[in-house]
2 protein chains.
Amino acid sequence: MSIGISQATVQNRTMSLRYALLALLTAQPMTGYDLAKAFHISVGHVWYAPDSQIYPELRRMEAAGLVDGVALPWGDKGTKTEYHVTDAGISEFVDWMNLPLRYTRERDPAHLKAAYFEWADPDAVREQLRAHVAHYEDQRRQWLEQLESIRDHTHPIFAKRLERYPSSEWPRITAFKMFAYEGLAARAEQEIAWAQRGLRLVDELAGESAAD
Amino acid sequence: MSIGISQATVQNRTMSLRYALLALLTAQPMTGYDLAKAFHISVGHVWYAPDSQIYPELRRMEAAGLVDGVALPWGDKGTKTEYHVTDAGISEFVDWMNLPLRYTRERDPAHLKAAYFEWADPDAVREQLRAHVAHYEDQRRQWLEQLESIRDHTHPIFAKRLERYPSSEWPRITAFKMFAYEGLAARAEQEIAWAQRGLRLVDELAGESAAD
DNA sequence: CTCAAATACCTATGGCGATAGTTATGGACT
DNA sequence: AGTCCATAACTATCGCCATAGGTATTTGAG
């Protein structure tokens, strides 16, 4: 019995939304709306979720005792709910962080299509490969931006998080976050290179059939 | 109006299961069971789907006129349904092949966790990174195997598919398929390299804090 | 020749996710 | 004072996907 394991280890799927929310809430208490916003400028780059999933998940998490919902007045008669992580929430998060991931099977529309490109017009293939390049160039740019703002601690939510730690811990925390984003940037570069190889391939094949 | 577009361009999500099935059925008519098997040794490497999705999707596709279901006797009283692509099915598939993809937002549990690795024990981090390496080494191996069997035309389903084309077309078809799998193999290598960088990072950080 | 195991075929249920809403508040401009 | 519009908070619906079954047929071992 080396590591304490919570009883709720059922964990059907990855359930990553839950842990992404917990991760954000360890920085500071937030309302559902704040979380949705924070998502988009932070974890959202690594795990996207729309509001419509965040609100119900927060309620489920409250039912599970992972967060406390505090009703705050909003306007004259309305209320909004601000969520605070509980100790149980922290411990669930730490458990998840220490448990290995379950890898899910590959499911990649872009490569699926590529495997059947002989069915498409060469021009349509080119267009799709160029779109692939454009998409991952955009991703790459975003990730590099994140990387910069993490490196120099101008990232608002990340800065907030660091405040809760002694500055001796900062390099460690910063290093891991940069590591994650570097991996994503490298992946984007790989995808760009792949699509560009594809563009050359289409040209070659067009050349050959023209030479027939 | 350069490209004929079918009226059913609603296409909520990627709907890739449908097109993966059509792709397989363009090689030969099959039953749901055959398709499930074919899936695992062919498209399955690029788009996984369990039987429980394949059967209902086939029925939906039949309702949409993309495939014809032919009831064949199975045993004494049973029947099984063999599906054949219709012309409408082919044209739907070609349309999809010619249309650009809609890219979905990033959602990656491994990188999500990596961004918060400061919450986990260094040993747990190492274990997870090693699992990441192992997982992608396995994937890489599988993809390289596919690549080989496509290159030398020993892949059973792929060989069947080639039979329907004049041999002058073979290089083109083979090239695209190899291109797709090469991309996946390259991605796997990228992931392996990333996780190994992570392992070095954990060692460095452990060294620093030990030196404190 | 019969029984178990493997193969073939198919279904049910429930969670997660995406799109698209709805209702409420605070300010800005006229 | 009224009406826009942006912000904030939250809900509904529907399709995909995964886990987990369930029933029929063939094979083959004893």
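Conventions adopted
Within every chain, residues take consecutive numbers counted from 1 along the sequence as written. Think of it this way: whatever chain is written first is A, whatever ligand is written first is 1, and the rest follow in order. With the structure being a predicted model, the display of local features is reserved for residues of pLDDT at least 70 and the display and counting of side-chain atom pairs for 80 or more, all residues being used for whole-chain, interface and lining totals. The side-chain values count all of the structure's non-hydrogen atoms but skip hydrogen atoms and water molecules. Note on conventions: DSSP H or I runs of at least 4 residues are helices, E runs of at least 2 residues are strands, and numbering of each starts at the N terminus. For a compact globule the rule gives 2.2 Å times the number of residues to the power 0.38, and the radius of gyration it is set against comes from C-alpha atoms. Buried residues are those whose accessible area, probed at 1.4 Å on protein chains only, stays under 20% of the maximum for their type, while exposed residues exceed 50% and partly exposed ones sit between those limits. All tallies of charge rest on Lys and Arg as positive and Asp and Glu as negative; His and the ends of each chain are not included. In plain terms, the charge of a residue is placed at NZ if it is Lys, CZ if Arg, CG if Asp and CD if Glu. This arc corresponds to the set of directions leading from the helix axis out to the C-beta atoms. Contact criterion: two residues are considered in contact whenever any of their non-hydrogen atoms come within 4.5 Å of each other. The predictor attaches a confidence to each residue, and that confidence, scored 0 to 100, is pLDDT. Boundaries between domains were set according to an automatic or database domain assignment. Joining two parts hides part of their accessible area as seen by a 1.4 Å probe, and the buried area is that hidden amount summed over both. Every case where a carboxyl oxygen of Asp or Glu lies within 4 Å of a side-chain nitrogen of Lys or Arg is listed as a salt bridge. Whenever two N or O atoms come within 3.5 Å, that pair is a polar contact, provided that in protein one can donate a hydrogen and the other can accept it, and provided that, for residues adjacent in sequence, both atoms are side-chain atoms. Least-squares superposition aligns the copies on the C-alpha atoms of those residues with pLDDT at or above 70 in both. One heavy atom within 4 Å of a molecule or strand is enough for the residue carrying it to be called near that molecule or strand. Throughout, the ten residues Ala, Val, Leu, Ile, Met, Phe, Trp, Tyr, Cys and Pro are labelled nonpolar, Asp, Glu, Lys and Arg are labelled charged, and all others, Gly among them, are labelled polar. In this scheme, strands are said to pair when DSSP sees at least two bridges between them.

1. Looking at the overall build of chain A
When helices and strands are tallied, chain A shows eight helices and three strands. In sequence order, chain A lays out its α and β elements as α-β-α-α-β-β-α-α-α-α-α. Taken over the C-alpha trace, chain A has a radius of gyration of 22 Å; the compact-globule value for 212 residues is 17 Å, which it surpasses by more than 25%. For chain A, the residues scored as buried account for 49% of the 212 residues in total. The average position of the 24 basic charges and that of the 30 acidic charges among the side chains of chain A differ by 5 Å.

2. Considerations on helix α2 (residues 32-41) of chain A
Residues and elements named next belong to chain A. Looking only at α2, the buried set comprises Gly32, Leu35, Ala36, Ala38 and Phe39. Buried residues of α2 fall within an arc of 165 degrees about the axis and therefore sit on the same side. On its buried side, α2 packs onto α1 (16-25), β1 (30-31), α3 (51-63), β3 (78-85) and α7 (156-163).

3. Topic: the confidence of the model for chain A
Of all residues in chain A, 92% attain a pLDDT of 70 or more, and the chain-wide mean is 87. Low confidence marks residues 1-13 of chain A, where pLDDT is under 50. Its contacts with residues over four positions away, or in another chain, come to twelve contacts.

4. Description of the domain arrangement of chain A
All names here are of chain A. The domains assigned to chain A are domain 1 (2-97) and domain 2 (109-211). Just the C-alpha atoms count here: the centres of domain 1 and domain 2 sit 28 Å apart. Counting residues at the interface gives ten residues for domain 1 and eleven residues for domain 2. Taking both partners together, domain 1 and domain 2 bury about 950 Å²; carbon and sulfur atoms supply 56% of that area. Three residues stand out in domain 1 for area buried against domain 2, namely Ala27, Ile41 and His45, and they jointly supply 52% of the buried area on that side. The tally of links between domain 1 and domain 2 comes to zero salt bridges. Counting the contacts that link domain 1 with domain 2 gives six residue pairs in polar contact (both at pLDDT 80 or more).

5. What about the relation of the copies chain A and chain B?
Each copy of the sequence occupies a distinct position, and chain A is placed on chain B by a rotation of 180 degrees and an axial shift of 0.0 Å, giving an RMSD of 0.0 Å. Given the turn and translation reported, the copies of this chain are related as if by a two-fold rotation axis. Counting the interface residues of chain A, we find that 100% of their copies in chain B are interface residues as well, pointing to one common contact surface.

6. With respect to the protein's contact with DNA strand C
Around DNA strand C lies a shell of 25 residues, among which Ser52(A), Gln53(A), Arg59(B), Lys80(B) and Arg107(B) are the nearest. Expressed as a percentage, the sugar and phosphate content of the atoms of DNA strand C within 4 Å of the protein is 70%. Only α3 of chain A together with α3 (51-63) and β3 (78-85) of chain B provide two or more residues apiece to the surface near DNA strand C. Ranked by residues supplied to the surface near DNA strand C, first place goes to α3(B) with four residues. Residue composition of the surface near DNA strand C, grouped by class: seven nonpolar, eight polar and ten charged.

7. Brief notes about the interface of chain A and chain B
Each partner contributes to the interface: chain A provides 72 residues, whereas chain B provides 72 residues. Summed over both partners, the interface of chain A with chain B buries about 7400 Å², with 65% contributed by carbon and sulfur atoms. A per-residue breakdown of the area chain A buries against chain B is headed by Glu106(A), Trp119(A) and Phe179(A), which together make up 12% of the total. Summed over the shared surface of chain A and chain B, the result is ten salt bridges. Of the charged contacts, one joins Arg187(A) and Glu191(B) as a salt bridge, the two residues approaching to 2.9 Å between their closest N and O atoms. Applying the counting criterion to the chain A and chain B interface returns 39 residue pairs in polar contact (both at pLDDT 80 or more).

8. Re the sheet that holds strand β2 (residues 67-74) of chain B
Residues and elements named next belong to chain B. If you trace the three strands from one edge of the open sheet to the other, you get β1-β3-β2, paired in antiparallel fashion. Strands with a single pairing partner mark the edges of an open sheet, and in this sheet they are β1 (30-31) and β2. Where β1 lies against β3, two bridges are found, and the strand directions are antiparallel. The partner of Thr31 across the bridge, within β3, is Glu82.

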